Every structure is written in C-alpha cells, then in structure tokens.
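Listed below, chain by chain, are the residues.
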Amino acid sequence: MAEQVPEKYSFYRQVKNPHPEFVPENGKETLPFCAKIREKAAGFTRRVEFQTLVAMSIARGERKRRPPELRMRALEAALQALCHYFNPLANRVGASLTTMSIRCGLATEKKRLSITRFTGAVQFMAQLKLLTYNTEYDKEIGCNIPTDITFTPLMWQVLDVSEEAVAAARRSRIEWENKKREKKGLPRAGADELISAAWAFVRERFRAYQKSRREHGIKRYRARKDAPRTRKDIELLVRKQLEKEIRDGRFFGSLDAVRTEIQRRLTERMKLSRGHYSRLGDTLLVTT
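None of these values were measured; they are calculated from a predicted model.

Colleague: What should I look at first to understand the environment of Lys 16 in this one?
Modeller: Within the element layout of this structure, Lys 16 appears in the segment before helix H1 (32-41). Overall, the relative accessible area of 63% leaves Lys 16 in the exposed class. Separated by 91 residues in the primary sequence, Lys 16 and Ala 107 have C-alpha atoms spaced 9.1 Å apart.

Right, here's the structure in full:
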C-alpha cells in the first residue's frame with residue numbers, strides 16, 4: 001500500500017521577517033520607568049482595549065477592517081521599542097525611526113534601507129490616537145529631522161499607567177538633570193527649560209551628525225577627482241578656493257593664517273586623494 005503524503009501546510013509569510021521582536025542594544029540600559037511600561041505593553045494587540053479602539057476607528061470610517069496578523073506583530077515590536085526609548089522628561093521618544101526599526105528587525109535593505117513596516121505601525125497607532133507622529137523636512141541638511149513621537153493620555157490609559165506615575169517619572173528626570181548641572185557648576189533649571197533643552201538636543205545632535213556625514217561625502221567625491229592630479233594642481237585649486245572664500249567674507253585672518261590654512265587643506269586633500277578617506281581617518285584629519 002502506497003504511503004500517504006502528508007498534507008502541506010501554508011505558512012503566513014509575506015515579509016522578510018514575519019516574527020519581529022525588539023532586541024535592545026547590548027550595554028545600553030533603559031530607565032526603570034521605561035522597563036515597567038514595556039512590561040505593561042506586552043500583548044497589547046490581544047487586549048480588549050486595542051480591539052475596541054480598532055472598532056471605533058472602523059466606525060469613524062478611518063479603516064475598513066482590522067489590521068492583518070503581520071501588522072499586529074509589527075505593532076507589538078514597535079510599541080516595545082517606543083517604550084524602551086521613551087523620555088519621560090520631554091514626553092517624546094528619543095530614538096530615530098531607523099534605529100528602532102533596525103532593533104525590531106523590521107528594516108530591510110536591498111539597494112537602500114527601507115523602514116516601511118515600522119513607520120506603518122507607528123502611523124497606525126497615531127490613527128488610533130495613542131500617540132502623535134510629526135515629521136519635518138530640514139532644507140539646511142537636505143533630509144527629514146528625527147520624527148517627533150509623543151504619547152497621548154489615551155496611551156497611558158490603555159497601558160494602565162496612572163498620571164501620577166508619569167508625573168513622578170518626569171520629576172525624577174528633572175532632579176537628575178539638575179544634579180548633573182550642579183556637578184558642572186551650573187544653577188538649577190526649571191522644568192520648562194529642561195524640557196526645551198531635551199527637545200532641542202535630539203534635533204541639534206541629528207543636524208550635527210548629518211552635516212558631518214555630508215561633509216565627509218563631499219570630501220570623498222572630491223578625493224576621487226583629485227586622484228590623477230599632481231600636488232601643484234591641487235595646491236592651485238586650494239588657493240583659488242580660499243581666495244573665493246576671502247572675497248565672499250567666509251574666511252578671516254592674517255596672511256600667516258592664510259598660508260597655514262593653505263598648507264592644512266593641501267595636506268588633507270593630498271592624503272584623501274591617495275585613498276585615505278575612511279570615516280576614522282577623515283575625522284582625524286579634521287580635528288588635527
């Protein structure tokens with residue numbers, strides 16, 4: 001008698017990682033408050049509160065059906081990341097979407113990095129009024145600055161976190177920031193000043209990083225063009241560039257300062273043109 005072939009079971013797999021999971025970075029701990037809300041957020045999509053919010057969204061005409069299983073798994077992982085990187089002082093998530101997407105296993109990369117699954121999960125939570133999701137394009141650096149994600153009172157209600165607990169976590173961070181200021185010899189600051197500084201820190205740090213990466217890319221592009229050139233050719237280009245900056249009022253200094261700057265730029269471009277343009281090498285050239 002012929003052996004029966006077992007029936008083939010179909011697996012629900014339409015994405016690269018059908019079972020995403022948030023994995024914190026080694027060596028970087030989160031706040032105790034964030035660890036507690038991560039525990040409370042576990043199993044979020046299986047709760048009655050979440051099902052009720054989805055039903056209310058369908059009733060408002062914002063959706064036609066409940067999210068599929070893959071979206072539910074992405075929501076679970078994304079919420080874990082949001083809670084882990086939450087800053088109770090500023091009431092905002094301190095990490096970028098790209099960082100959180102990679103830590104959740106929701107990012108894919110073929111020709112370029114894609115974080116569509118993570119952004120879709122965050123936008124869905126914003127649709128349910130659980131958080132605010134705002135992004136802004138910065139013309140100066142030519143890209144979007146880190147997205148502003150804040151938790152709404154409805155989020156704390158769904159997570160069963162009282163307003164007193166959130167306020168206590170904020171007071172704790174204010175006291176911690178003031179102790180840091182006292183160690184540096186600075187006066188204590190009020191809550192509004194510290195909150196504004198926390199919001200500005202994320203943006204200014206991102207702008208500084210993107211500017212440095214853009215400058216690095218320009219130097220690498222210029223180094224490839226300088227490869228066939230001689231030292232005299234590069235020196236002539238450096239002199240013309242510096243003369244233009246002096247005419248435009250972008251460089252100030254004495255004649256000795258001009259000579260020193262020419263030699264510094266000439267040395268840097270010669271090294272880069274010979275293939276020494278790694279990130280570390282470029283940083284050392286700039287700082288020395």
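Colleague: Hey, could you run me through the packing of helix H9 (residues 231-247) against helix H10 (residues 255-273) in this one?
Modeller: Each pair of packed helices can be summarised by the angle the axes make with each other and by the distance between the axes. Relative to each other, H9 and H10 sit at 130°, their axes nearing to 9 Å. By the angle between their axes, H9 is oblique relative to H10. By crossing handedness, the relation of H9 to H10 is classed as right-handed. Within the contact between the two elements, H9 uses Arg 231, Ile 234, Glu 235, Leu 237, Val 238, Arg 239, Gln 241, Leu 242, Glu 245 and Ile 246 and H10 uses Val 258, Glu 261, Ile 262, Gln 263, Arg 265, Leu 266, Arg 269, Met 270 and Ser 273.

Colleague: Would you mind showing me how to read the packing of aromatic side chains here?
Modeller: Geometry of an aromatic ring pair is reported as the spacing of the ring centres plus the angle between the planes. Per the counting criterion, the structure on display carries seven aromatic pairs. On the basis of an interplanar angle of 50° and a centroid distance of 5.9 Å, the ring pair of Phe 33 and Trp 156 is categorised as tilted. Of this pair, Phe 33 sits in helix H1 while Trp 156 sits in helix H6 (residues 153-158), and the two are 123 residues apart along the sequence. The burial state of Phe 33 is the same as that of Trp 156; both residues are buried.

Colleague: Could you clarify how one ought to interpret the side chain of Arg 92 in this entry?
Modeller: Residue placement: Arg 92 occurs in strand S2 (residues 92-93). Here Arg 92 falls in the buried class, since its relative accessible area comes to 2%. Look past the residues within four positions of Arg 92 in its chain and what remains in contact with it is Tyr 85, Phe 86, Asn 87, Pro 146, Thr 147, Asp 148, Ile 149, Thr 150, Trp 199 and Val 202.

Colleague: What is the right way to read the layout of surface pockets from this model?
Modeller: Over the atoms a probe the size of a water molecule is rolled, and this reveals where empty space is left. For the largest pocket, the calculated volume is near 1700 Å³. Around the largest pocket, the lining is made up of 46 residues, and of these Gly 94, Ala 95, Ser 96, Val 202 and Arg 205 lie nearest the centre. At the level of secondary structure, the elements contributing two or more residues to the lining of the largest pocket comprise strand S1 (86-87), helix H4 (97-104), helix H7 (163-183) and helix H8 (191-226). In terms of residue count, the dominant contributor to the lining of the largest pocket is H8 (10 residues). Each residue belonging to the lining of the largest pocket can be placed in one class, and the counts come to 23 nonpolar, 11 polar and 12 charged.

Colleague: When you look at unusual backbone geometry in this model, what are you seeing that I'm missing?
Modeller: In most cases, non-glycine residues show a negative phi, while peptide bonds are predominantly trans. Phi at Asn 91 is positive, roughly 50°, even though this residue is not glycine. In this structure, Asn 91 sits in the loop between S1 and S2. Despite not being glycine, Lys 129 has its phi angle at roughly 70°, a positive value. Topologically, Lys 129 is positioned in the loop between helix H5 (116-127) and strand S5 (131-134). Taking relative accessible area as the criterion, Lys 129 reaches 45% and is therefore assigned partly exposed.

Colleague: Would you explain the pattern of salt bridges in this entry?
Modeller: Opposite charge on two side chains allows them to pair when their charged atoms are near. Under the counting rule described, the total for this entry stands at 18 salt bridges. Of the charged contacts in the structure, one is a salt bridge between Glu 62 and Lys 129, with a shortest N-O distance of 3.7 Å. Here the residue Glu 62 occupies a position in the loop between helix H2 (48-59) and helix H3 (69-84), and Lys 129 occupies one in the loop between H5 and S5, the gap between them amounting to 67 residues. Judged by its relative accessible area of 31%, Glu 62 falls in the partly exposed class. The partner of Glu 69 in a salt bridge is Arg 73, with the nearest N and O atoms 3.4 Å apart. Residue Glu 69 and its partner Arg 73 are both found in helix H3; the two are separated by four residues, about one turn of the helix. Through salt bridges that share partners, Lys 219, Glu 245, Glu 261, Arg 264, Arg 265 and Glu 268 make up one connected network.

Colleague: Could you clarify how one ought to interpret H8 in this entry?
Modeller: One turn of the α-helix equals 3.6 residues, which is why residues spaced by three or four share an orientation. Here H8 spans 52 Å end to end across 36 residues, near enough to the 52 Å set by a 1.5 Å rise per residue. Three or more residues of H8 are buried, namely Leu 194, Ala 198, Val 202, Arg 203, Phe 206, Arg 207, His 216, Lys 219, Ala 223 and Asp 226.

Colleague: Would you take a moment to explain the nonpolar core for this structure?
Modeller: Buried together is how nonpolar side chains tend to be arranged in soluble globular proteins. Of all hydrophobic cores here, the largest spans 44 residues; its most connected members are Leu 82, Met 100, Phe 118 and Phe 151. Among the secondary structure elements, those contributing two or more residues to this core are H1, H2, H3, H4, H5, strand S8 (148-151), H6 and H7. At nine residues, the largest contribution of residues to this core is made by H3. Once residues lying within four places of it in the same chain are set aside, the contact partners of Leu 82 are Val 93, Met 100, Phe 118, Met 125, Leu 131, Ile 149 and Phe 151.

What counts, and where the lines are drawn
Residues numbered from 1 in each chain as written. Predicted model: local features only at pLDDT ≥ 70, side-chain atom pairs only at ≥ 80, totals over all residues. Heavy atoms only, no water. Helix = DSSP H or I, 4+ residues; strand = E, 2+ residues; numbered from the N terminus. Buried < 20%, exposed > 50% of the residue type's maximum accessible area, 1.4 Å probe, protein only. Axes fitted to C-alpha atoms, helices over the stretch in contact; angles between N-to-C directions. Parallel < 35°, antiparallel > 145°, perpendicular 65-115°, else oblique. Left-handed = near helix turned anticlockwise from the far one by under 90°. Contact = heavy atoms within 4.5 Å. Phe/Tyr/Trp six-rings, centres within 6.5 Å; stacked < 30°, edge-to-face > 60°. 1 Å grid on protein atoms, 1.4 Å probe; cavity = no way out; pocket = protein on both sides within 12 Å on 5 of 7 lines; lining within 4 Å. Points joined across faces, edges and corners; volume = space filled by probe spheres on them. Nonpolar A, V, L, I, M, F, W, Y, C, P; charged D, E, K, R; others polar. Salt bridge = Lys/Arg side-chain N within 4 Å of Asp/Glu carboxyl O. Expected span 1.5 Å × (residues − 1). Core = buried A, V, L, I, M, F, W, Y, C linked by side-chain atoms within 4.5 Å.

Spatial relationships are all this shows, so hold off on functional conclusions.
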